[in-house]
Amino acid sequence: MDARTDAATEARAQAGALVRQRLRVSLGLSAAMMIIYFTFMALFAFDKPLLGQMLAPGLSLCIVLGPLVIVSSFLLCLVYVLWANRVFDPALRDLDR
């Protein structure tokens, strides 16, 4: 009975560590997305002349940065999916065994 209790305690400790790791990754990626988005919004609200600078005829900095904000959200999502598939899911499967 003691071995089973020790195994259950160990499994709970590993599950708790896994949950904390997932929380750190998701909060980090969420913070990165918020920084990217709110930086763009702050530039849009308070420094329109900077965003209005023409990089090429018909192409301003705002037209370049706007889609980059959207692309960054896809890239951050990709980072999470890759992390989940390579780290989180295998650890979760090992925990079930």
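Source: prediction; values computed, not measured. (Residues numbered from 1 in each chain as written. Predicted model: local features only at pLDDT ≥ 70, side-chain atom pairs only at ≥ 80, totals over all residues. Heavy atoms only, no water.)

**As for the packing of aromatic side chains**
- Applying the stated rule across the entire model yields four aromatic pairs.
- Among the aromatic residues, those joined into a cluster by ring pairs are Tyr80, Trp83 and Phe88.
- Its end group placed over the ring of Phe44, Lys48 keeps NZ or CZ at 5.3 Å from the ring centre. (Phe/Tyr/Trp six-rings, centres within 6.5 Å; stacked < 30°, edge-to-face > 60°. Lys NZ or Arg CZ within 6 Å of the ring centre and 35° of its normal.)

**Some points on the side chain of Ser72**
- One can find Ser72 in helix 3 (residues 61-96).
- At 2.6 Å, the side chain of Ser72 forms a polar contact with the backbone oxygen of Val69.
- Ignoring any residue separated from it by four or fewer positions in sequence, one finds Ser72 in contact with Met33 and Ile36. (Helix = DSSP H or I, 4+ residues; strand = E, 2+ residues; numbered from the N terminus. Polar contact = N/O pair within 3.5 Å; in protein donor to acceptor, adjacent residues only side chain to side chain. Contact = heavy atoms within 4.5 Å.)

**Section: helix 3**
- Over its 36 residues, helix 3 runs 50 Å from end to end, which matches the ideal 52 Å to within 8%, given 1.5 Å per residue.
- Looking at helix 3, one finds that the buried residues are Leu61, Gly66, Val69, Ser72, Leu76, Trp83, Ala84 and Phe88. (Expected span 1.5 Å × (residues − 1). Buried < 20%, exposed > 50% of the residue type's maximum accessible area, 1.4 Å probe, protein only.)

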